[in-house]
Amino acid sequence: GESVGLHLPTLSVQEGDNSIINCAYSNSASDYFIWYKQESGKGPQFIIDIRSNMDKRQGQRVTVLLNKTVKHLSLQIAATQPGDSAVYFCAENSPRGKLIFGQGTELSVKP
Amino acid sequence: GAVVSQHPSWVICKSGTSVKIECRSLDFQATTMFWYRQFPKQSLMLMATSNEGSKATYEQGVEKDKFLINHASLTLSTLTVTSAHPEDSSFYICSARDSGSNTGELFFGEGSRLTVL
């Protein structure tokens, strides 16, 4: 099966700080990207998405940046809260219509 | 919002038995559903694409005879793990693409945790 990454890197931040989670994607032809949040024992939860004709999109407390030149995505979370602690995955919608997940990052928020 | 339901949410079985996991789209139709497998501390790995009324498309390295997929209706896909062994223990997650949405939005189930003894 398709997947990227083996073991999860971790990011630890202080409550109230901003968090930046990075992701590299594989297919330069992918046209749509999504960030998901996954809490322990649950399915992925949609956070924010971005199409390839954009380089930035903002939501509530979250911003996604897309750099197609280097095939890089980032998720910025403002004023990180303990409830933001989870594993975050980027996913790319491949030209074949399949959603391929990248390596996740485990975010830990210290109170 | 759209809901995808998986059942069972967890199951324990003996080695050699078969286990069926259901994935239902509750308030939309889905001609395409996807099955993922996730091992602890790892990413979601796409196993197969389930197509309503036709055969599933499996990813490279995924055994078709081991993981049987049936997508008999526009709201239900099933994954059967046949002759399960301890190495099949994993978290299985499905997603469904809303056929009526022009964005083709995907919705995920809550996952099914399989433990094979």
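Here's a quick rundown of the structure. (Residues numbered from 1 in each chain as written. Chains lettered and ligands numbered in written order. Predicted model: local features only at pLDDT ≥ 70, side-chain atom pairs only at ≥ 80, totals over all residues. Heavy atoms only, no water.)

## Points about the pairing of strand β7 (residues 67-73) of chain B
Across a regular strand the side chains alternate sides, sitting on one face of the sheet and then on the other. All names here are of chain B. Our working rule: One requirement defines pairing of two strands: DSSP has to find at least two bridges between them. Counting from the N terminus, the helices are DSSP H or I runs at least four residues long and the strands are E runs at least two residues long.
Bridge analysis of β7 against strand β8 (residues 76-81) gives 5 bridges, and the strand direction is antiparallel. The residue bridging leucine 68 from the neighbouring strand is threonine 80, located in β8. Hairpin connection from β7 to β8: 2 residues lie between these consecutive antiparallel strands.

## Considering the packing of aromatic side chains
Aromatic ring pairs are described here by two measures, namely the spacing of the ring centres and the angle between the planes. What counts here: Each aromatic pair joins two rings of Phe, Tyr and Trp (for Trp, the six-membered one) with centres within 6.5 Å, and gets the label stacked for planes under 30 degrees apart, edge-to-face for over 60, and tilted for any other angle. Residue exposure (1.4 Å probe, protein chains only): buried if accessible area is under 20% of the type maximum, exposed if over 50%, otherwise partly exposed. By the criterion adopted, a ring carries a charge over it if an Arg CZ or a Lys NZ lies within 6 Å of its centre and within 35 degrees of its normal.
Under the counting rule described, the total for this entry stands at 9 aromatic pairs over all chains. The interplanar angle of 80° and the centroid separation of 6.0 Å between the aromatic rings of A:Phe89 and A:Phe101 together place this pair among those described as edge-to-face. One end of the pair, A:Phe89, is in strand β8 (residues 86-93); the other, A:Phe101, is in strand β9 (residues 99-101), with 12 residues separating them in the sequence. Each member of the pair A:Phe89 and A:Phe101 is classed as buried. Between A:Phe101 and B:Tyr36, the aromatic rings sit 5.3 Å apart at their centres with planes inclined by 85°, giving edge-to-face as the arrangement. In this pair, A:Phe101 is assigned in strand β9 and B:Tyr36 in strand β4 (residues 32-38), connecting two distinct chains. A residue is classified by how much of its surface remains accessible, and B:Tyr36, at 0% relative accessible area, is buried. Counting every residue linked through ring pairs, the aromatic cluster contains A:Tyr36, A:Phe89, A:Phe101, B:Tyr36 and B:Phe108. Taking NZ or CZ as reference, A:Arg51 lies 4.2 Å from the ring centre of A:Tyr32, over its face.

## Focus: the environment of A:Gly83
Residues and elements named next belong to chain A. Going by this rule: By the convention used here, residues are in contact when the closest approach between their heavy atoms is within 4.5 Å.
Secondary-structure assignment places glycine 83 in the loop between β7 (72-77) and β8. Classification of glycine 83 by relative accessible area gives partly exposed; the value is 46%. Sequence-wise, glycine 83 and serine 40 are 43 residues apart; in three dimensions their C-alpha atoms are separated by 12 Å. The residues contacting glycine 83, other than those within four sequence positions of it, are Lys37 and Glu39.

## Some points on unusual backbone geometry
For the peptide bond that leads from B:His7 to B:Pro8, omega is 0°, which places it in the cis range. As for its placement among the helices and strands, B:Pro8 is situated in the loop between β1 (4-7) and β2 (10-13). Backbone geometry at A:Ala79 places phi at a positive 50°, although glycine is not the residue there. For A:Ala79, the location among the structural elements is in the loop between β7 and β8. A relative accessible area of 35% places A:Ala79 in the partly exposed class. Even without a glycine there, the phi angle at B:Lys41 is positive, about 60°. Relative to the elements of secondary structure, B:Lys41 occurs in the loop between β4 and β5 (44-51).

## A short note on the sheet that holds strand β2 (residues 19-24) of chain A
In sheet architecture, strand pairing relies on hydrogen bonds along the backbone and comes in two forms, parallel and antiparallel. Residue and element names in this part refer to chain A. Rules: Under this scheme, a helix contributes an axis fitted over its contacting stretch, all axes are lines through C-alpha atoms, and angles between N-to-C directions fall in the 0 to 180 degree range.
Strand order in this open sheet of 4 strands is β2-β7-β6-β5, and the pairing throughout is antiparallel. The open sheet has two edge strands with one neighbour each: β2 and β5 (56-58). Going from strand to strand, the sheet's axes swing by 15° on average, the running direction of each strand aside. Direction of pairing for strand β6 (residues 62-67) relative to β7: antiparallel, over a ladder of 6 bridges.

## Here's the deal with the layout of surface pockets
Threshold: Only protein atoms enter the 1 Å grid used here. Points where a 1.4 Å probe fits but cannot escape make up a cavity, open sets with protein on both sides within 12 Å along at least five of seven lines make up a pocket, and a residue lines them when an atom lies within 4 Å of a point. Grid points are joined across faces, edges and corners, and a volume is the space filled by probe spheres set on the points. For this classification, Asp, Glu, Lys and Arg are treated as charged, while Ala, Val, Leu, Ile, Met, Phe, Trp, Tyr, Cys and Pro are nonpolar and the rest, including Gly, are polar.
Space inside the largest pocket adds up to approximately 340 Å³. Surrounding the largest pocket, 18 residues form its lining, A:Gln38, A:Ser40, A:Gly41, A:Val87 and B:Lys41 being those nearest its centre. The element that contributes the greatest number of residues to the lining of the largest pocket is β8(A), accounting for 3 residues. One number sums up the size of the second largest pocket: a volume of about 220 Å³. Along the walls of the second largest pocket sit 14 residues, with A:Pro44, A:Gln45, A:Phe46, B:Phe108 and B:Glu110 positioned nearest its centre. Among the secondary structure elements, those contributing two or more residues to the lining of the second largest pocket are β3 (32-38) and β4 (45-51) of chain A together with β10 (106-108) of chain B. Grouping the amino acids of the lining of the second largest pocket by side-chain chemistry returns 6 nonpolar, 3 polar and 5 charged.

## Focus: the pattern of salt bridges
All names here are of chain A. The criterion, for reference: Basic side-chain nitrogens of Lys or Arg form a salt bridge, by our definition, when they fall within 4 Å of a carboxyl oxygen of Asp or Glu.
The final tally for this structure, using the stated rule, is 8 salt bridges over all chains. A salt bridge links glutamate 39 to lysine 37; the nearest nitrogen and oxygen atoms lie 3.7 Å apart. Residue class for lysine 37 comes out buried when judged on its relative accessible area of 13%. Residues arginine 57 and aspartate 49 are paired through a salt bridge, measuring 2.2 Å at the closest nitrogen-oxygen approach.

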